[in-house]
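A look at the structure
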Amino acid sequence: MIKLIYTKIFYVAALFLLANSAFASPVILNMDTHPQDRGWVTSCYNTGSSSLDNGILKIDSDTCYSFRPQLETTEYSDTGWVVKTRMRIADSQILQYDELSSNNQTLVDANGNPFSNNTFIDPEDLVLAHIELSDDIRYAKLSFYADRVKLNGYYQEIKLDMSQFHEFRLVGDLTSIRLYVDGALAINWRDVVNYGNQERFYLNMRHLSFGIDNRNYSSYINEISYPGVRSVTEWDSFEYDLSAPMTGDDIQDEGMYVQYMPEGYIGEGILEFVGVLNSSAQTAAGEYQVYYSDGSSQIFPVSFPPYQRSSLDIRGLGVKQDTRFASVLKTDRRTTATLIHYEQGKALGANFTTATNTRWGIAEGFASLHTEDYLNLFNPGDEMVEVEVKIHPEHRLRNDLVLRVHSKSRATLPVHEFFKEESLPFPYGITVKSTGPVVAALSRHDAGFGDGMLFMATPGMGETSGYVAEGLATKNNYEYFDVLNLNTFPINLELSIHYIDGISQTTKHYISGYNQWTGITLTDNNIVTRPDIAYAVEYQATAYYNHNLNAPVIANFIHAQAGRMEGVRFQQDSHRYWEFAEGFRSANQATVQEHLAIFNPSNEAADGTITFYYDDGLNPTVIPFKVSSYGKASFALHKLTELRQAHSWGGISYGIHINSNVGVIAHFSHQDKNLGGGFALNGTGWD
């Protein structure tokens, strides 16, 4: 008798996709008719069956059975693609070794070694399905296990109960591939290799398929497939869109543009403001939502006029005092939001994010007698999640921290309290891994420098390249490049300094593998050899023994001097459009000093405009700019005569919109000698 092991698993098979501009509307299979009746054909010739019942397509096979469009032409697009499906695994059965062996099948593991008849295979460890995406920009693979989904190997994954229906939406453009699960951004993969150095996609319709493929063993980055798997999948719908323009992470559910901020706190002597820039021609309406750690919440209707920078006074709204909270801003059109926090001479600031993820990383942590680091987490989902927090180097914390974050609530971990018995000071990095999508940030209060910082964490497990548009080495400040290498192999880090006068220099650094934290002092003369000249910073990370293999890392940039600390994560993508919702011009330009930097990492000159939208919505200021290839421009905003002057009785607030003909990197810094402290902002970018 054949022995079977039953598990509930998820399987989706070979799906090759690119983008296409010739299709005027999405192609949708809502399973009211069989795909074969719509002209779809099976793309493999093994045994299996399919049937249609009440709008559900069931595919049952122990080898290969999948569908693809009959069209075999190649089309092009300048935008991107979307693939969407709602499906589940109804059942799966795995033949034991002795039954497979009797059929003369050769079984091998991930290293190519033959299985023996006593080899134990845990069904949950098997790659039971995959989606493959191949275009002229990148090759990627989404792999499905019994209890999780992984994108391109072991770095990014999400836990799922695949016996239930889930909606999966894959969005691809020239810079990233994003996976949305049930409407929430679960994985954002930006490790994109442009093989052909193209700016358009091609699509071969023979390489678009869905179904089951259990024909043989395959491996890709520690993955194991197993012949003899019988999968039963149920498909409620399948569709692809190769014509709609992509707008990045603002493709969100319920027709709303959603932004998250896991940090929030007001109390005696503590002020918080949320600046919101609406650069569109129509009013943006929606809700400002506040979520506390006890599960309670507050919702405030909001409306932001067109062509205007608005401000939400958190205390004036009636948000609870002396209680930590997270914020969600939902608007019916794109806006840019920034949190500003003032506390007893310290200033913290960061842009809201549209990303949620099951993995986050921060390279900047510091334990000393005068610093306090708080890891802030927000769970936007409808179910409680478990979060595992690791400190790197690992010997600094002997046990990993695991905490639960309830649905739509915020949790705070005072990381510094775990180091009281350690030998201080020392730096460290942080990684976060959760069972469901969350948002993560780190806030720093440093009594030594007299200021603080707020870092939005890096989603996923790192990036292979990055930029910061602003840097300056003087005898009175310190600048650092902090990096966390989570790869199991050593990497080569190439660090480039691009000065504002067009001169560049490059250094290379060896970083050991596996959770290795490294700090590089940029103000060291071996790195920045030209003090008092502004520069931009660029890094590229590759495997040390194979420079053709990209190696993602977590990276942060720090600027510190007496009474001022600024920290940001490196930007991975250049964009044609950037926005900052925070800007202030005081009556005395020496009181508040602000700087805007633009770095152009492209091979052609950048030609664009900077538009300043004020808090009264009247008469925006437009300033043209030009930046040469790999050049940098800096603007002392408090000195710009083109900007509207502050009122004699007080200051004037503004937001910034940058429009460029090519992708650039932007950076904004603020120093307040009245309220104290300073902060830096990455900005919000898109194409």
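Residues numbered from 1 in each chain as written. Predicted model: local features only at pLDDT ≥ 70, side-chain atom pairs only at ≥ 80, totals over all residues. Heavy atoms only, no water.

1. Some thoughts on the overall build of the chain
Threshold: Each helix is a run of H or I in the DSSP string that is no shorter than four residues. Each strand is a run of E no shorter than two, and both are numbered from the N terminus. Residue burial considers only the protein chains on display, and all accessible areas are found by Shrake-Rupley using a 1.4 Å probe.
Along its length, the chain carries two helices and 52 strands. Accessible surface computed for the chain: about 27100 Å², of which carbon and sulfur atoms make up 46%.

2. Considering the sheet that holds strand β26 (residues 346–351)
The criterion, for reference: Note on pairing: two strands pair once DSSP finds at least 2 bridges between them. To get an axis, fit a line to the C-alpha atoms, keeping to the stretch in contact for a helix; angles then go from 0 to 180 degrees between the N-to-C directions.
Taking strand neighbours across the sheet as the criterion, the four strands line up as β23-β20-β25-β26 in an open arrangement whose pairing is antiparallel. The two strands at the open ends of the sheet, each matched to only one other strand, are β23 (308–313) and β26. Here the average twist between neighbouring strands, direction ignored, is 20°. One ladder, built from six bridges, connects strand β25 (residues 336–343) with β26; its direction is antiparallel. Pairing of L339 across the sheet is with A350, part of β26.

3. Digging into the pattern of salt bridges
Quick reminder of the rule: In the sections that follow, a salt bridge refers to a side-chain nitrogen of Lys or Arg positioned within 4 Å of a carboxyl oxygen of Asp or Glu. When a residue's accessible area, from a 1.4 Å probe over protein chains only, is under 20% of the maximum for its type it is buried; when over 50% it is exposed; and in between it is partly exposed.
Taken as a whole and judged by the stated rule, the model has 17 salt bridges. Two residues, R404 and E386, come together in a salt bridge whose shortest N-O distance is 3.5 Å. Residue R404 is found in strand β30 (residues 401–405), and its partner E386 is found in strand β29 (residues 385–392); the two are separated by 18 residues along the sequence. Close ionic contact of D616 with R644 constitutes a salt bridge, the shortest N to O distance being 2.7 Å. With D616 in the loop between β47 (606–614) and β48 (621–627) and R644 in the loop between β49 (632–636) and β50 (652–672), this pair connects stretches of sequence that are 28 residues apart. For D616, a relative accessible area of 30% gives the class partly exposed. Three or more residues are tied together by salt bridges with common partners; here these are K58, R88 and E234.

4. Observations regarding the confidence of the model for the chain
What counts here: Per-residue confidence from the predictor is given as pLDDT, running between 0 and 100. What makes two residues a contact is simply this: any of their non-hydrogen atoms within 4.5 Å.
Overall, the prediction assigns the chain a mean pLDDT of 81, with 79% of residues at 70 or greater. For residues 1–24, every residue scores under 50 in pLDDT, and the model assigns this stretch 126 contacts once sequence neighbours within four places are set aside. In the predicted structure, residues 97–105 sits below a pLDDT of 50 and forms 15 contacts with residues beyond four places in sequence or in another chain.

5. What about the nonpolar core?
We apply this condition: Only buried residues count toward a nonpolar core, which is a set of Ala, Val, Leu, Ile, Met, Phe, Trp, Tyr and Cys residues joined through side-chain atoms within 4.5 Å.
In terms of nonpolar packing, the biggest core is built from 36 residues, with I610, F612, L637, I656 and I658 touching the most fellow members. If sequence neighbours within four positions are ignored, L637 has contacts with R585, E594, H595, L596, F612, L643, Y654, I656 and F668.

6. Details of the sheet that holds strand β43 (residues 564–569)
Across the sheet, four strands lie side by side as β39-β36-β42-β43; this open sheet has antiparallel pairing. What marks the edges here is a single partner per strand, and that holds for β39 (516–521) and β43. Averaged over all adjacent pairs, the angle separating strand axes in this sheet is 15°, with direction ignored. Pairing of strand β42 (residues 554–561) with β43, which is carried by six bridges, proceeds in the antiparallel orientation. Among the inter-strand pairings, N556 is bridged to a residue of β43, identified as R569.

7. Observations concerning the environment of Y545
Its place among the elements puts Y545 in the loop between β40 (535–543) and β41 (546–550). Overall, the relative accessible area of 68% leaves Y545 in the exposed class. Between the C-alpha atom of Y545 and that of N492, which follows or precedes it by 53 residues, the distance is 8.4 Å.

8. Some words on the packing of aromatic side chains
Rule in force here: Here a Phe, Tyr or Trp ring, Trp counted by its six-membered ring, pairs with any other such ring whose centre lies within 6.5 Å, and the pair is stacked when the planes are under 30 degrees apart, edge-to-face when over 60, and tilted otherwise. Whether a charge sits over a ring comes down to the Lys NZ or Arg CZ being within 6 Å of the ring centre and within 35 degrees of the ring normal.
Within this structure, the stated rule accounts for 28 aromatic pairs. Between F419 and Y428, the ring centres sit 5.1 Å apart and the planes meet at 55°, which makes this aromatic pair tilted. For the pair F419 and Y428, a shared accessibility class is recorded, and that class is buried. Geometrically, the ring pair formed by F599 and Y630 is edge-to-face, given 6.3 Å between the ring centres and 70° between the ring planes. One end of the pair, F599, is in strand β46 (residues 592–599); the other, Y630, is in the loop between β48 and β49, and 31 residues separate them in sequence. Judged by relative accessible area, F599 falls into the buried class, the value being 0%. On the basis of relative accessibility, which here comes to 30%, the residue Y630 falls in the partly exposed class. Lying over the aromatic face of Y292, K320 brings its terminal NZ or CZ to 4.5 Å of the ring centre. The residue whose ring lies beneath R324 is Y265, and the NZ or CZ to ring-centre distance is 5.3 Å.

9. Some thoughts on the environment of G513
Mapping G513 onto the fold places it in the loop between β38 (504–511) and β39. Between the alpha carbons of G513 and T488 there is a distance of 4.9 Å; along the sequence they are 25 residues apart.

10. Here's the deal with the pairing of strand β21 (residues 284–292)
Successive residues of a regular strand alternate their side chains across the two faces of the sheet. Buried residues dominate β21, accounting for seven of its nine residues. Where β21 meets strand β22 (residues 297–304), eight bridges bridge the pair, whose relative direction is antiparallel. For A285, the partnering residue across the bridge sits in β22 and is S303. In this sheet, strand β24 (residues 325–331) lies alongside β21 in antiparallel orientation, the contact comprising seven bridges. Looking across to β24, one finds that G286 is bridged to T331.

11. A word on unusual backbone geometry
Most peptide bonds are trans, and most residues other than glycine sit at a negative phi. Cis geometry marks the peptide bond from H392 to P393, where omega comes out at 5°. Tracing the sequence through the fold places P393 in the loop between β29 and β30. Phi angles above zero are rare outside glycine, and D322 is one such case at about 60°. Mapped onto the elements, D322 comes out in the loop between α2 (314–317) and β24.

12. Focus: the environment of I59
Within the secondary structure layout, I59 lies in strand β5 (residues 56–61). Among the residues examined, I59 registers a relative accessible area of 0% and is labelled buried. The spatial distance from the C-alpha of I59 to the C-alpha of W235 is 8.1 Å, given a sequence separation of 176 residues. Every residue in contact with I59, bar those within four places of it in the chain, is listed here: S49, S50, Y65, F67, F210, G211, I212, S231, V232, T233 and W235.

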